[in-house]
Structure formats: C-alpha cells, structure tokens
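Breakdown of the fold
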Amino acid sequence: MNHMKEALRLMENLYAVERLVAAMEKEPKHYGTEELLYANEVHTLKMVAQQEGITQKELTDKMFRTKGATSVMIKKLEKKGLIVRGEDEKDARVFRLYLTEKGKRVHQFHLEYDEKVIGQWMEELDFSQEEIAGTNHVLEKYIRYVEEWMGKKQALGDGNP
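Residues numbered from 1 in each chain as written. Predicted model: local features only at pLDDT ≥ 70, side-chain atom pairs only at ≥ 80, totals over all residues. Heavy atoms only, no water.

**Points about the nonpolar core**
Heads up, the condition is: Residues belong to one nonpolar core when they are buried, are Ala, Val, Leu, Ile, Met, Phe, Trp, Tyr or Cys, and are joined through side-chain atoms within 4.5 Å. Partly exposed residues are those whose accessible area sits between 20% and 50% of the maximum for their type, while under 20% is buried and over 50% is exposed, using a 1.4 Å probe and protein chains only. By the criteria applied, helices consist of DSSP H or I runs no shorter than four residues and strands consist of E runs no shorter than two, each listed in order from the N terminus. Residue contacts are defined here by distance: any two heavy atoms, one from each residue, within 4.5 Å place the two residues in contact.
The biggest cluster of nonpolar side chains holds 17 residues, and the ones touching the most others in it are Leu 45, Leu 59, Ile 83, Leu 97 and Val 106. The set of elements that each furnish at least two residues to this core consists of helix H2 (39-50), helix H3 (56-63), helix H4 (67-79) and strand S5 (95-99). When residues in this core are grouped by element, the largest group, four residues, is from H2. Discounting residues that sit within four places of it in the chain, Leu 59 has contacts with Thr 44, Met 47, Ile 54, Thr 70, Ile 74 and Leu 97.

**Description of unusual backbone geometry**
A negative phi holds for most residues other than glycine; trans holds for most peptide bonds. Even without being glycine, Phe 64 reaches a positive phi, approximately 55 degrees. By the secondary structure assignment, Phe 64 is in the loop between H3 and H4. With a phi close to 55 degrees, Asp 126 is a non-glycine residue in the positive phi region. Along the polypeptide, Asp 126 turns up in the loop between helix H5 (101-125) and helix H6 (129-155).

**Considering helix H1 (residues 3-25)**
Because an α-helix packs 3.6 residues into every turn, residues spaced three or four apart end up facing the same way. Which entries qualify depends on this criterion: Here the expected span of a helix is defined as 1.5 Å times the quantity of residues minus one. For the purposes of these results, a polar contact is taken to be a pair of N or O atoms within 3.5 Å, where, inside protein, one atom must be able to donate a hydrogen and its partner to accept one; residues adjacent in sequence count only when each atom of the pair is a side-chain atom.
With 23 residues, H1 extends 33 Å between its outermost C-alpha atoms, agreeing within 8% with the 33 Å of an ideal straight helix rising 1.5 Å per residue. Its side-chain oxygen placed 3.1 Å from the backbone nitrogen of Met 4, Asn 2 serves as the N-cap of H1.

**Comments concerning the sheet that holds strand S4 (residues 83-87)**
Keep this limit in mind: For two strands to pair, DSSP has to find at least two bridges joining them. Between the N-to-C directions of two axes lies an angle of 0 to 180 degrees, each axis being a line fitted to C-alpha atoms and, for a helix, fitted only over the stretch in contact.
A sheet is described by the order of its strands in space; here three strands give the open sequence S3-S5-S4, paired in antiparallel fashion. Unpaired on one side and paired on the other, strand S3 (54-55) and S4 mark the two borders of the sheet. Both S4 and S5 contribute to a ladder of five bridges, which runs antiparallel. Bridge pairing links Ile 83 to Leu 99 in S5. Contacts between H4 and the sheet are confined to S4 and S5, with S4 contributing the most and set at about 110 degrees to the helix.

In structure tokens, the structure reads:
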C-alpha cells in the first residue's frame, strides 16, 4: 500500500476512534459520588486538576470549546460542587478555577477508573510496548501539527475551528 493510502487509512481510523469515544461518552457514570457525571465533565475536572488556577479562557482554548460551552460547563460543575472560582490576585476581572474536595475525589476516582479499564484493554489486546510507543509517537506528532495549523488558521482570520 502506498504512503497516501496509509495516511488516508490513518485518518479513517481516527474518525472511527472519534465516533467510538463519542458513543462511550454519552453514558454517564458514577465517579465515586451519588450523582452521574458525563465524560466531558470529568475530563474538564482533569484539565483543572492538571492546571490548578487555570482561567476560563485558558480552559476554553485547551479543551477546544467555545466560550459559551465552557461557561455552561463551569456553571454545571460549580452547581455540582466540583469546582470553585477564585478571583485572580492581579486582575479582579479574571477568575481562576480550582477543584473542591469533592472534585478532587471525583478526579482521583476517574484516574483510577481509566487505569483499570485501559489496563484491561491493553491486557486483552496484547499490544507490545513498541506498538504503543509507535502509535503514541504518530498521534502526538499529528496533534502538535493540527494544533499549530489551527492556531495559524485562527491568526489569519480563516474561521473558528
């Protein structure tokens, strides 16, 4: 198979993964709390946990969401008692996001859940370390390229990706 056919096959596989992930994310789960949470809620918590004090704008950019979608998500997570907003020390117009104790518990449960499920998948699929590393290398290179391409596209005023 030639190089272009393999590249197109890679893209089709990425689209298939996207569809599968979207289908899995439609089902809410209990992440160590009474209430059901959706994957995009716990992934938002993960981003806040990784960057305590992240601003709403930074979260919008990192999650590739609109300002409105981020605002709605933050309000949901605040209402559920998972995050709080804190005023920036230098600029009162800026609010920084932090996990509450409940949010930290959910985040930890999510990490443990992912490790368990992904560990099970890896065992059943029997991938070698080299296969995983090679796949990660290709995907990370692709992600960096697309992020740069999207940034250039926005800077040129070619639309909002």
